[in-house]
Amino acid sequence: MKITQATIYPLSIPLIEPIKMSRELVRDAKTVLLCLTDDEGRQGWGEASVAPLMTGETLDSLLGSVKYLVEHGKSCEWAEPNKFAEIFSSILYGNASAKSCFEMALLDLFTQRQSIPLWKYLRLENKLSNLAEPKPIPLLRMLGGSPEKEIADAKEYRALGFKHWKIKIGSLPLAKDMERVAMLSDLLDGDVISVDANGALSLADAIRFCESKQASKLSFAEQLVPADLPLSDFIALKQKSLIPIGLDESIHGLVEIEEFIQAQAFDGASLKLIKTGGVLEAVEAAKVLKANHLGINLACKIAETSLSGAATAAIGFALGEIPWGFSMSNQYLQFDICAQALTAKEGHLDVAQLSDSGVGIKPEESRVKDAIAKGYALIQC
Ligand SMILES: [Mg+2]
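Residues numbered from 1 in each chain as written. Predicted model: local features only at pLDDT ≥ 70, side-chain atom pairs only at ≥ 80, totals over all residues. Heavy atoms only, no water.

Draft legend 1. Structural detail: the packing of aromatic side chains. Enumeration according to the criterion identifies 13 aromatic pairs in this entry. Between Phe 88 and Phe 102, the ring centres sit 5.5 Å apart and the planes meet at 40 degrees, which makes this aromatic pair tilted. Here the residue Phe 88 occupies a position in helix H2 (residues 84-91), and Phe 102 occupies one in helix H3 (residues 96-113), the gap between them amounting to 14 residues. Of the two residues examined, Phe 88 and Phe 102, each falls in the buried class. Lying across the ring of Tyr 157, Arg 141 places its NZ or CZ 3.8 Å from the centre. (Phe/Tyr/Trp six-rings, centres within 6.5 Å; stacked < 30°, edge-to-face > 60°. Helix = DSSP H or I, 4+ residues; strand = E, 2+ residues; numbered from the N terminus. Buried < 20%, exposed > 50% of the residue type's maximum accessible area, 1.4 Å probe, protein only. Lys NZ or Arg CZ within 6 Å of the ring centre and 35° of its normal.)

Now the structure itself:
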């Protein structure tokens, strides 16, 4: 398979409402879409979002790396997905997000040529599950804002069938966050409730939190302390914690997963394509987590469109189950780039929404063009 043409779209899509995290306030999704045309005239789409505090990528850096990869990738033969990573590395060091964007578009083309949905291809290739039809994936809903808003959202979305929750903590004093967590845990008793501090707590506060009665009903606590703390601090937290410890910013791929398994320093990880460098490495990471009986949370950056949501969900459908849920972030966007956006049904994503061959989402060019970030233009190469 050869690439004959590529168009890169730098997008900015406003969120329905700003999302406050411990170290940033996100008002819009800054994301890059890539459309590749192959030598048979098919189109394949990829996406990666910026994440200055997680991957170091800004819109400019991501655009530059995607353009560089695509320009050099046009002379390559893209026959075997298991060779993609090797070819990427022969073109560009690092830059996991740009590689993820390119890989997604290539996998979309490859699986369209094979007339198979991406999730089914991943399942067959990796002999991942014997289930005939994958179970719906539970979607994780974020909670934040004023206590009144959190309570109203929790009630509204629970009535719609959501059973997985993530409470953002770390921007208020610890005692306040502990109060919120206890109140929401009581309200949502029996559901899978997690917190995410995006690395905002000190080790002492994280231990205090994890030993507290207020946090005792949580299914896991994600990235409480900064990723650049020494491994010994993560081991200390894990040993003292009374609840499972999840990691996100600390885990970019297999290297860190193996390091933290070796150190017995976590109970599970959040996998994002922009960190792992794409779907294929994320599947490998998920396989290792599963084999070690560790929790898996699939996640999109806040926020990515249905395209990235579909590629990430493909891993979940291939695996068969995602006990820590899937943070599908297109639900926070004011609009999506396709006519049929991925939507929650009873708080879950159904595999029927990804029945087409390829990744399963076809962006509409007019919608994509309408979302181009101010001051930017599409790039053709
Ligand atoms: Mg996180």
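Draft legend 2. Representation of the domain arrangement of the chain in the model. When cut into domains, the chain gives domain 1 (3-115 + 365-380) and domain 2 (122-354). Using C-alpha coordinates to define each centre, domain 1 is positioned 23 Å away from domain 2. Contact with domain 1, which involves 36 residues of that partner, is made by 39 residues of domain 2. Carbon and sulfur atoms supply 66% of the area buried between domain 1 and domain 2, which totals about 3100 Å² over both sides. Of all residues in domain 1, Ser 22, Met 54 and Arg 367 give up the largest surface area on contact with domain 2, accounting jointly for 21% of the area buried on that side. Of the charged contacts, one joins Lys 149 and Glu 17 as a salt bridge, the two residues approaching to 2.8 Å between their closest N and O atoms. Counting across the domain 1 and domain 2 interface gives twelve residue pairs in polar contact (both at pLDDT 80 or more). (Domains from an automatic or database assignment. Contact = heavy atoms within 4.5 Å. Buried area = accessible area lost by both parts, 1.4 Å probe. Salt bridge = Lys/Arg side-chain N within 4 Å of Asp/Glu carboxyl O. Polar contact = N/O pair within 3.5 Å; in protein donor to acceptor, adjacent residues only side chain to side chain.)

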